[in-house]
Amino acid sequence: EGEKGGERGGGEGVSRVELTDGWYSLPALLDPPLRCMVSVGRVTVGTKLFVSGAELVGTSDPFHPLEAPPGAALRLCTNSTRRARWYARLGYQPCPAPPPFPLPSLYPDGGTVGCTELVISRVYPVLYFEKTGDERKVFRRARMEEREEERYQSKRQCLVESIYSRVHQSFEEEMMEEEENKRRELRGRPSLSCMMNTTTVRDLADGEEIYEAMESSFDPQAFYELLSPSQVAMLDGHLQRLKQEREEELARRAREAIDQVGDQLPPPNRSVVPLLKMRVVPLTTPKTTPSTTPITTGHGCILSVWRPSDDLQLVLKEGKAFRVTKLSASSGPSKHSSLPLQLTATRQTQFKQLSCGSGTCYTPRTCVSIGDLALSWLPSPRQHSLRSVPCPYGEFDTCGVVVLCVSSDVTMKDGLVCEVTIVYFCEQINL
């Protein structure tokens, strides 16, 4: 929507302005890039602004502009705000969808990106992020994640089996003792201990009675031979019910034992989140890049997608152009990074595929020879000019054989010592 900005002061400390659509006015809060534009005079009193996706802060209830509560204001994001032309009409616009803002014009601290158009230059393997119990953050590749999942489930299964084995042993001892006491009690009854004739046995018509009579007899095998086929079926049914009841009781006791262990037993599933990272570049190559451009056009920026669906991964391929809405912008991993801008997909992010022309910053992958790469890094200008090997984004793809892997400790810039693996790599040599 077209808005008119009015500055309530001057200097670099301006963080609050007043916006009006010609009828009503409302305070607005500025983020750091917008405050910088106010301080340098790019946004002054009378400047018309195109605002998209502004957030209402200070209250959660709707209100009339003339009855605005104290503290209510609009929070503007630079990545969703642009200066409008002087003849732009104020108020709501006919098309509410935000226009695509160029990728090089986005700011790391500029808030939510309403819309941008980009080309996927590189798609990196999916990473799996896990936050362990000791608050460590770990990223793993797919193969390492499979190994970690197998190790985790094996360790948990061993703990569960040890608990179950202990409960099962205790339960079996208890059942054997109970059966022995019951057998002694039944054998002490004269009416049951003398049931060894065919007529008395044939009169039994219940599985439980048959079982008790057989347990009380001094020769259970001889007693079993006196049973009719129907009595054998009733006895088997009773034994099956006893077995099922004991299994249910054993499972209940095992669950109680596992619950008593509590935090000592890890949960069945780990908290692992897949992460897809892509390097994206502008859809169109800008003719000139101002010195204030917040990102390096040639390198683009990294776009992260948490929990990407399988269908989305099939669509996001290298060389394809997309119009993307509702992205979150943030700074790079460090202030010395060559990619100060990072984009992250949100729950409202949508990807719409576009046709990709020839005037983009996209550079297809090529297989680079190690020899040519080494030759291009020679210090001599004459030797350096013999072969020019392009390495877009500071990366290259090659093919060869791993000769040796050596683990070594490396001291980082911040003094932290990390263990790294040095890989000795050799390409094929045609003799």
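Since the model is a prediction, treat every value here as computed from it, not as a measurement. (Residues numbered from 1 in each chain as written. Predicted model: local features only at pLDDT ≥ 70, side-chain atom pairs only at ≥ 80, totals over all residues. Heavy atoms only, no water.)

**Student:** Help me get a handle on the overall build of the protein, residues and values and all.
**Tutor:** From N to C terminus, the protein includes 10 helices and 16 strands. Within the protein, the proportion of its 431 residues that are buried is 31%. Across the protein, contacts joining residues at least 24 apart in sequence account for 68% of those joining residues at least 6 apart. (Helix = DSSP H or I, 4+ residues; strand = E, 2+ residues; numbered from the N terminus. Buried < 20%, exposed > 50% of the residue type's maximum accessible area, 1.4 Å probe, protein only. Contact = heavy atoms within 4.5 Å.)

**Student:** Which residues make up the side chain of serine 304, and what are the values?
**Tutor:** Assignment of secondary structure puts serine 304 in strand E12 (residues 301-306). Residue classification places serine 304 among the buried residues on the basis of a relative accessible area of 8%. Discounting residues that sit within four places of it in the chain, serine 304 has contacts with Leu275, Leu276, Lys277, Leu343, Thr344 and Ala345.

**Student:** Talk me through the pattern of salt bridges; I want residue IDs and the actual numbers.
**Tutor:** Considering all chains together, one arrives at 15 salt bridges under this definition. A salt bridge links arginine 252 to glutamate 256, with the shortest nitrogen-to-oxygen separation between them at 2.5 Å. Highlighted residues: arginine 252 and glutamate 256, both in helix H7 (residues 229-261), separated by four residues, approximately one helical turn. Using a relative accessible area of 37% as the deciding quantity, one classes glutamate 256 as partly exposed. (Salt bridge = Lys/Arg side-chain N within 4 Å of Asp/Glu carboxyl O.)

**Student:** Report on the nonpolar core, specifying residues and quantitative values.
**Tutor:** If you look at the biggest cluster of nonpolar residues, it comprises 22 residues, and the most contacted ones within it are Leu106, Ile120, Met278, Val280, Leu327 and Leu343. Elements represented by at least two residues in this core include exactly strand E8 (112-123), strand E11 (272-282), E12, strand E13 (321-331) and strand E14 (341-354). Per element, the largest residue contribution to this core is four residues, and it comes from E13. Of all hydrophobic cores here, the second largest spans 15 residues; its members include Val14, Ala28, Leu34 and Val51. (Core = buried A, V, L, I, M, F, W, Y, C linked by side-chain atoms within 4.5 Å.)

**Student:** Let's hear about helix H1 (residues 32-39): which residues, and what values?
**Tutor:** Turning to H1, its buried residues are Pro33, Leu34, Met37 and Val38. One face of H1 carries all of its buried residues, which in axial projection span an arc of 145°. Positive phi shows up at glycine 41, right after H1, with a value of about 90°. (Arc of directions from axis to C-beta.)

**Student:** Requested: an account of a nonpolar patch on the surface, with residues and values cited.
**Tutor:** On the surface, Val403, Leu404, Val406, Ile422 and Tyr424 cluster together to form a nonpolar patch covering roughly 440 Å² of accessible area. Mapped onto the nonpolar patch, the elements with two or more residues apiece are strand E15 (401-411) and strand E16 (417-426). The dominant element in the nonpolar patch, judged by the number of residues it contributes, is E15, at three residues. Within the secondary structure, isoleucine 422 sits in strand E16. (Patch = residues over 30% accessible without salt bridge, like charges linked within 9 Å, V, L, I, M, F, W, Y side chains within 5 Å. Areas by Shrake-Rupley, 256 points an atom, 1.4 Å probe, with all protein chains shown as cover.)

**Student:** Tell me what's going on with the packing of aromatic side chains, and back it up with residues and numbers.
**Tutor:** One pass over the full model with this rule turns up four aromatic pairs. Taking the centre distance of 5.0 Å and the plane angle of 45° together, the rings of phenylalanine 129 and phenylalanine 139 count as tilted. Of this pair, phenylalanine 129 sits in strand E9 (residues 127-131) while phenylalanine 139 sits in strand E10 (residues 137-140); the two residues are 10 residues apart in sequence, bridging distant segments of the chain. A relative accessible area of 16% places phenylalanine 129 in the buried class. Phenylalanine 139 gets classed as partly exposed once you look at its relative accessible area, which sits at 44%. Between phenylalanine 322 and phenylalanine 351, the ring centres sit 6.1 Å apart and the planes meet at 90°, which makes this aromatic pair edge-to-face. Within this pair, whereas phenylalanine 322 is found in strand E13, its partner phenylalanine 351 is found in strand E14, the two being separated by 29 residues in sequence. (Phe/Tyr/Trp six-rings, centres within 6.5 Å; stacked < 30°, edge-to-face > 60°.)

**Student:** Describe the packing of helix H5 (residues 207-216) against H7, naming the residues involved and giving the relevant values.
**Tutor:** The contact between H5 and H7 brings their axes to 8 Å, and the two run at 90°. Here H7 runs roughly perpendicular to H5, going by the angle between their axes. Across the interface between the two elements, Gly207, Glu208, Ile210, Tyr211 and Met214 of H5 pack against Gln231, Met234, Leu235, His238, Leu239 and Leu242 of H7. Broken down by class, the residue content of the contact of H5 with H7 amounts to seven nonpolar, three polar and one charged. (Axes fitted to C-alpha atoms, helices over the stretch in contact; angles between N-to-C directions. Parallel < 35°, antiparallel > 145°, perpendicular 65-115°, else oblique. Nonpolar A, V, L, I, M, F, W, Y, C, P; charged D, E, K, R; others polar.)

**Student:** So, unusual backbone geometry: which residues are in play, and what are the values?
**Tutor:** In this structure, arginine 307 takes a positive phi of about 55° despite not being glycine. Residue position: arginine 307 is located in the loop between E12 and helix H8 (310-315).

**Student:** Go over the side chain of glutamate 130, please, and point to the residues and values.
**Tutor:** Within the fold, glutamate 130 resides in strand E9. Look at glutamate 130 and you get buried, because its relative accessible area is 9%. Separated by 2.6 Å, the side chains of glutamate 130 and arginine 140 make a polar contact. At a separation of 2.9 Å, a polar atom in the side chain of glutamate 130 contacts the side chain of arginine 270. Not counting residues within four places of it along the chain, the set of residues in contact with glutamate 130 comprises Arg136, Lys137, Val138, Arg140, Glu148, Arg270, Ser271 and Val272. (Polar contact = N/O pair within 3.5 Å; in protein donor to acceptor, adjacent residues only side chain to side chain.)

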